[in-house]
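# Survey of secondary and tertiary structure
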Amino acid sequence: MKPFYVTTPIYYVNDHPHIGTGYSTIAADVLSRYARLRGRPTRFLTGLDEHGLKIERRAREEGIDPKAFVDRMAQPFRDAWLALGCHYDDFIRTTEPRHQQRVKELWKRVKDAGDIYLGDYEDWYCVGCEGFKTEKDLLPGNICPQHQKPVERIKEVSYFFRLSKYQDALLKFYETHPNFVQPQTRFNEVKSLVKEGLRDLSISRTSFRWGIPVPDDSEHVMYVWFDALTNYISALGGPAAPGQAPLYDQYWPPSGEAVHLVGKDILRFHAVYWPAFLLSAGIEPPSQVWAHGWLTVNGVKMSKTLGNFLRPEPLIEAFGTDVLRFYLMREVALGQDGDFSIKNLIARYNGDLANGVGNLLSRVIVSLVKKNLGGRVPSPHPESLKDEDRALIAVAERCAQTAAEQMNAVAPHRALEAIFELVAAANKYVDQTAPWVLVKSGDITRLEQVVYTALETLRWVALMLWPVMPSKSDQLRQQLGLEAVMPTVGVDGWPSAWGGLGAGLETQSNQPLFPRIDKDQERRLWERFGVTADAATTIVPDSSPAKVKAHAPAAPIAPTAENKKPQAGEAGQAKGIITFDEFAKVDLRVAKVLAAESVPKSDKLLRLELDVGEGHPRQILAGIAKQYRPEQLVGKQIVIVANLKPRQMMGRESRGMVLAASDAQGLKLIIADGESSPGSTVG
Ligand code: MSP
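Residue positions within a chain follow its written sequence, with the count starting from 1. Residues qualify for local features only when their pLDDT is at least 70, as the model is predicted, and side-chain atom pairs are given and counted only at 80 or more; totals for whole chains, interfaces and linings, by contrast, use all residues. Only heavy atoms go into the side-chain values, all of them from the structure, while hydrogens and water stay out.

## Here we look at the overall build of the protein
Every helix listed is a DSSP run of H or I at least four residues long, and every strand listed is a run of E at least two residues long, numbered separately from the N terminus. Secondary structure assignment for the protein yields 21 helices and 28 strands. Principal axes of the C-alpha set define a box for the protein whose edges measure 95 × 80 × 40 Å. Throughout this description, buried means an accessible area under 20% of the type-specific maximum (1.4 Å probe, protein chains only), exposed means over 50%, and partly exposed covers the range between. By the burial criterion, 55% of the 683 residues in the protein qualify as buried. Throughout, a contact is declared for two residues whenever any of their heavy atoms are within 4.5 Å. Of the contacts made within the protein by residues no fewer than 6 positions apart, 74% connect residues no fewer than 24 positions apart. Shrake-Rupley sampling with a 1.4 Å probe provides the accessible areas, and residues are treated as covered by the protein chains on show and by no other component. Carbon and sulfur atoms form 50% of the exposed surface of the protein, whose accessible area is close to 28900 Å². Treating the 82 positive side-chain charges of the protein as one cloud and the 81 negative ones as another, the clouds have centres 2 Å apart. Residues counted as positive are Lys and Arg, residues counted as negative are Asp and Glu, and His and the chain ends are not counted. To locate a charge, take NZ of a lysine, CZ of an arginine, CG of an aspartate or CD of a glutamate.

Structure representation (structure tokens):
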């Protein structure tokens, strides 16, 4: 087996880690632990993407130097990954000299291959993606679909990479490496993209300084993706000549198997640009790019930009690291999107962990071994095996094989499915063999066999759960009288030979491994995380700055007839008196509707793109869908509150409020008479 090298994307440090980015890191940790358990030399890399315009601007907002800013942000990432049980071997930061030197070396190699030239760039750029965009990538009003923010126009002198030259070479590479991108559907998307034709790629910028200077032309800094992608080899000491960088020689293809785990949003960079840079430099591309889906809240990608993210800390505090890891790996099929739900987490916990593994462990160890077998693992009696024993052993062998196959196929959710099939079979076995009856009848030989079979099954389960739940697995082993898992290179630790549990080991039953969450605790957890009885996924972590109410109807921005019906005696009455100064704080403006569309899954909201004279369109979500069709609005001059604090609605940012009059008949927009310029003040 080749040495295994698994990487996460390196995260932007513009904000703190959340469980969306944690999901990527946990998945990589699970894959690396699995490889280690199988005895493979394994290396797990994660790190931070610290250059680029996005970071430079964020540092400026904070009023500090970009280097001071990135230094401050690095530790929270390290801490978060360790708190999530992720044991990386290396943590790379793109501001480190070891990285910068190697990126410059890659640049030189690509330049020497004749693939870099100086030209003029003019097109759109999304700072959120740190990506170049053409009009067809954008929503009306030049909005980036992912970040829901206007893109910027760039016109500057730039070095270009001859990406167009690599179209055929990439297609050939894809053909000869049929598993280069997984899942296959994503690979098909990549192939079509490349077949459509590739434009040369701008790979340097002159309009800001926060980046790695281009060798021999320090007017330019490198495009942040050229810089960032190189982390995967710079962390190994490459590019370097054979013998110069041992880790690079060992882990990068052709000697090693290098797997990049990435979110589907950044697949193009990894499956098109990265192999093209490497092919140009005469370096073999990675073995595989595995594109996972998004962790969503209410169907919308959890992200820093959209503000609907969950921090790991309160979840770890409430459920523990291993349970959170288990839930993410069990519930979300890698490759697909998955909604995060506290309710489902509790259901999975009680179903699989408390009623499954926890129940099996406590009924066998606490009730039988401790009380009737002197607290020690009994001797098995292979000579008198019965059909039900053989059947359980066969299930164990089949499930272990399936779980291994699924882990090899990077499908941890399916592997867990197989492991929990074994747990269910073992609980059924204990029901069927009724060891408590054997205690009463005094059939000690049979009792020992039944208990041994159940305990050995638990040993198998603990080993197979280790990549996902390392601490719980070790605690389970401790209760069986075993040492913690110690993966060893060259030694396959996956269970395959029945009977490895030594008779006579002293078991321990100090504390329940997965105590059941009862109804009262469940209610308290719901309260803590803001779950309402009818909402499937409402989550409001108390320490998260963003509060997300899934499935709760978004509050309409403009008051509607229903929620603003005049109360008895209120009709026609003025509200409390305010001073002129108070009124002057409200920035009322004329806005021209450029585009309008309904918001998926909302019967109240319309998404408006407005010209408010700011040079780029502004997005407002208004609760007027029941009264207006989108096409009725385009071209209208309406009045908005322009300085209302931006808020998230249905996963989109709304920047302002539309004014409308409401009475029992419904709601009517306030329209500015005549032709006022967009952005004119009202008042
Ligand atoms: N810096 C670039 C990556 C450079 S790699 C050479 C970047 N950083 S990021 O911080 O914006 O996001 C990195 C990755 O975080 C995503 O591609 C994805 O893997 C992960 N995720 C971010 N939000 C996520 C979810 N809501 N769900 C799952 N993964 C998420 O892009």
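From this point, the discussion proceeds with the structure in view.
## A short note on the environment of Pro41
Its location among the elements puts Pro41 in the loop between helix H1 (19-37) and strand S3 (42-49). Taking C-alpha positions, Pro41 is 8.5 Å from Tyr5, a pair spaced 36 residues apart along the chain.

## A few points about the nonpolar core
Counting residues in each nonpolar core, the largest one holds 182 residues, and the members touching the most others are Ile203, Trp252, Phe319, Phe340 and Leu455. Excluding residues within four positions of it along the chain, Ile203 makes contact with Trp107, Ile116, Ser158, Tyr159, Phe160, Phe161, Val221, Met222, Tyr223, Phe226 and Phe277. Among buried residues, the Ala, Val, Leu, Ile, Met, Phe, Trp, Tyr and Cys ones that are joined through side-chain atoms within 4.5 Å form a nonpolar core. Formed by 19 residues, the second largest nonpolar core is a distinct cluster that contains Ile620, Ile624, Ile638 and Leu669.

## A few points about the packing of aromatic side chains
Whether two aromatic rings pair depends on their centres lying within 6.5 Å, for rings of Phe, Tyr and Trp, where Trp uses its six-membered ring; planes under 30 degrees apart make the pair stacked, over 60 edge-to-face, and the rest tilted. Taken as a whole, this structure holds 30 aromatic pairs when the rule is applied. Both rings, one in Tyr5 and one in Tyr251, keep their centres 6.2 Å apart while their planes meet at 45 degrees; by these two values the pair is tilted. With Tyr5 in strand S1 (residues 4-7) and Tyr251 in helix H9 (residues 246-251), this residue pair connects regions lying 246 residues apart in the sequence. A relative accessible area of 1% places Tyr5 in the buried class. Ring geometry for Tyr349 against Phe514: centres 6.2 Å apart, planes inclined by 80 degrees, an arrangement best described as edge-to-face. With Tyr349 in helix H13 (residues 342-372) and Phe514 in the loop between helix H18 (470-479) and helix H19 (519-528), the pair connects residues that are 165 residues apart, well separated along the chain. Neither Tyr349 nor Phe514 differs from the other in exposure class; each is buried. Grouped by ring-pair contacts, the aromatic residues Trp107, Tyr159, Phe161, Tyr166, Phe226 and Phe277 constitute a single cluster.

## A look at the site of the ligand
Being near a molecule or strand, for a residue, comes down to having at least one heavy atom within 4 Å of it. Looking at the ligand, there are 27 residues lining it, with Ile10, Ser24, Asp49, Leu295 and Met302 nearest. Polar contact is the term for a pair of N or O atoms within 3.5 Å; when the atoms are in protein, one must be able to donate a hydrogen and the other to accept it, and sequence-neighboring residues count only if both atoms are side-chain atoms. In the environment of the ligand, a nitrogen atom lies 2.7 Å from a nitrogen or oxygen atom belonging to the side chain of Asp49. Within the contact set of the ligand, an oxygen atom lies 3.2 Å away from a side-chain nitrogen or oxygen of Asp265. If the ligand stood free it would expose 650 Å²; the protein chains cover 96% of that surface. Among the elements of the structure, strand S2 (11-12), H1, helix H7 (224-229), helix H8 (231-234) and strand S15 (257-263) are those that each provide at least two residues to the shell around the ligand. Among the elements that take part in the shell around the ligand, H1 stands out by supplying 4 residues, more than any other. The nonpolar class holds Ala, Val, Leu, Ile, Met, Phe, Trp, Tyr, Cys and Pro. Asp, Glu, Lys and Arg form the charged class, and all remaining residues, Gly among them, are polar. A per-class count over the shell around the ligand returns 14 nonpolar, 9 polar and 4 charged.

## Here's the deal with the packing of helix H5 (residues 167-176) against helix H6 (residues 184-195)
Every axis corresponds to a line fitted to the C-alpha atoms, with the helix fit spanning only the stretch in contact, and the corresponding angles, defined between N-to-C directions, vary from 0 to 180 degrees. Remark: H5 packs on H6, axes separated minimally by 10 Å, with the N-to-C direction vectors making an angle of 155 degrees. Classified by the interaxial angle, the pair formed by H5 and H6 is roughly antiparallel. Between H5 and H6 lies a crossing of left-handed hand. Contacts from Gln167, Leu170, Leu171 and Tyr174 in H5 reach Phe187, Val190, Lys191, Val194 and Lys195 in H6. Orientation categories follow fixed angle ranges, with anything under 35 degrees roughly parallel, anything over 145 roughly antiparallel, 65 to 115 roughly perpendicular, and all other angles oblique. Left-handed describes a crossing in which the near helix is turned anticlockwise from the far one by less than a right angle; the clockwise case is right-handed.

## As for the pattern of salt bridges
Only one rule defines a salt bridge in this text: a Lys or Arg side-chain nitrogen within 4 Å of an Asp or Glu carboxyl oxygen. According to the stated counting rule, one finds 43 salt bridges in the structure shown. Of the charged contacts in the structure, one is a salt bridge between Arg348 and Glu331, with a shortest N-O distance of 2.8 Å. You can see Arg348 sitting in helix H13 and its partner Glu331 sitting in helix H12 (residues 321-331), a full 17 residues away along the chain. Linked by salt bridges that have partners in common, Arg43, Asp90, Glu96 and Arg98 make up one network.

## Side note on the environment of Glu61
Assignment of secondary structure puts Glu61 in helix H2 (residues 53-62). For the pair Glu61 and Pro246, spaced 185 residues apart in sequence, the C-alpha to C-alpha distance is 42 Å.

## Overview of the packing of helix H14 (residues 387-408) against helix H17 (residues 444-465)
Working note: a packed helix pair is described by the angle between its axes plus the distance between those axes. At their nearest, the axes of H14 and H17 sit 11 Å apart, and the two run at 5 degrees to each other. One way to sum up the angle between H14 and H17 is to call them roughly parallel. Together, Glu388, Asp389, Leu392, Ala396, Glu397, Ala400 and Ala403 of H14 and Arg446, Gln449, Thr453, Thr457, Trp460 and Met464 of H17 make up the contact between the two elements. Across the contact of H14 with H17, the residue classes tally to 6 nonpolar, 3 polar and 4 charged.

## What to know about helix H4 (residues 97-112)
A helix is expected to reach a length of 1.5 Å times the quantity of its residues less one. For H4, spanning 16 residues, the distance from its first C-alpha to its last is 22 Å, which sits close to the expected 22 Å at 1.5 Å a residue. For H4, the set of buried residues is His99, Gln100, Val103, Leu106, Trp107 and Val110. One face of H4 carries all of its buried residues, which in axial projection span an arc of 120 degrees. Turned more than 90 degrees away from the buried face of H4, the exposed residues are Pro97 and Asp112. Of the residues flanking the end of H4, it is Gly114, one or two places downstream, whose phi is positive at about 80 degrees. What the arc describes is the spread of directions from the helix axis to the C-beta atoms.

## Here we look at the side chain of Glu448
Mapped onto the fold, Glu448 is located in helix H17. Those residues within four positions of Glu448 in sequence are excluded, and the remaining contacts are Leu373, Pro378, Ser379 and His381.

## Details of the sheet that holds strand S18 (residues 300-301)
Here, a strand pair is defined by DSSP locating no fewer than two bridges between the strands. Spatially, S18-S17-S19 is the arrangement adopted by the 3 strands of the open sheet, whose pairing is mixed. Two strands in the sheet have a free side with no partner beyond their single neighbour: S18 and strand S19 (338-339). Strand direction decides the pairing type here: strand S17 (residues 295-297) and S18, joined by 2 bridges, are antiparallel. Note on S18: the bridge partner recorded for Val297 is Val300.

## Remarks on H18
Residues of H18 that are buried include every one of Pro470, Ser473, Leu476, Arg477 and Gln479, and no others. Next to the buried residues of H18 lie H1, H12, H13 and H17. Looking one or two residues past H18, Gly481 carries a phi angle of roughly 90 degrees, positive in sign.

## A look at the confidence of the model for the protein
Looking at the protein as a whole, its pLDDT mean stands at 89, while 92% of the residues score no less than 70. The low-confidence segment residues 535-575, where pLDDT is below 50, has 85 contacts with residues more than four positions distant or belonging to other chains. The pLDDT score gives, residue by residue, the confidence of the prediction method on a 0 to 100 scale.

## A word on unusual backbone geometry
Between Gly238 and Pro239 the backbone carries a cis peptide bond, its omega angle lying at 0 degrees. By the element assignment, Pro239 lies in the loop between H8 and H9. The peptide bond linking Pro253 to Pro254 adopts the cis configuration, its omega dihedral lying at 10 degrees. Along the chain, the position of Pro254 falls in the loop between H9 and S15. Its identity as a non-glycine residue notwithstanding, Asn142 has a phi of 60 degrees, on the positive side. Structurally, Asn142 is set in the loop between strand S6 (131-133) and strand S7 (143-144).

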